[in-house]
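Results of the structural survey
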Amino acid sequence: DAYQLINAYQVKAAGFIELKMWDQAIQCLDKSDEYMAQYGDVSLLSSELFYRADALRGVGQNDQALETVDDAIELAVLANQLDIEWYAVKLKSDILDNMKEYEEEVKNLRYFNTLTDTIKNKEDVEKLQLQEFQRETFALEQQYKQQQAIMQQRHRFLVLLFTFLI
């Protein structure tokens, strides 16, 4: 289906980007884009725009890469994709550095640091929630064991009482 094709093309493009094979990455993203209209998923589109911006940066099209990464960030925020937003903001800093837009890069790095803190805080909250869940689970297990022990004692008492009465 379209989702799997889009995802496959994006994974392939990411591989080409990693190998600095920018043109092949762009070709994969063009194929991904053909199916994107059918699927219309904002999260997939933000990923596609992130990869495209990275590939455009690779071929030296920094102005177009900057516009594209801004679109990726906007959609990532809209789709609540903190991870894509984080990667895209980092990429934007690299693009701004290439363009020698240092003042803008500093502003962007502040945003990047805020996102990094947000992600860390989110992970900390998730760890605390997991610890609380584990504590509650342990307490329930202890309560269950106590109830089982009480039931066994009652059962033994009834068996002894019944034996004594007979």
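Going by the structure above, here's the rest.
A brief report on the enclosed structure follows. (Residues numbered from 1 in each chain as written. Predicted model: local features only at pLDDT ≥ 70, side-chain atom pairs only at ≥ 80, totals over all residues. Heavy atoms only, no water.)

1. Quick notes on helix 1 (residues 2-18)
Over its 17 residues, helix 1 extends 24 Å from the first C-alpha to the last, a length consistent with the 24 Å expected when each residue adds 1.5 Å. Where helix 1 is buried, its residues meet helix 2 (22-39) and helix 3 (42-58). After helix 1 finishes, the residue Lys 20 shows a positive phi value of roughly 60°. (Helix = DSSP H or I, 4+ residues; strand = E, 2+ residues; numbered from the N terminus. Expected span 1.5 Å × (residues − 1). Contact = heavy atoms within 4.5 Å.)

2. Focus: the side chain of Gln 81
Note on placement: Gln 81 falls in the loop between helix 4 (62-78) and helix 5 (82-98). Beyond its immediate stretch of four places on either side in the chain, Gln 81 contacts Ser 43, Ser 46, Ser 47 and Ala 76.

3. Side note on unusual backbone geometry
Even without being a glycine, Asn 80 presents a positive backbone phi close to 55°. Tracing the chain through its elements places Asn 80 in the loop between helix 4 and helix 5. Classification of Asn 80 by relative accessible area gives exposed; the value is 69%. Positive phi outside glycine occurs at Lys 100, with the angle close to 60°. Within the element layout of this structure, Lys 100 appears in the loop between helix 5 and helix 6 (102-165). (Buried < 20%, exposed > 50% of the residue type's maximum accessible area, 1.4 Å probe, protein only.)

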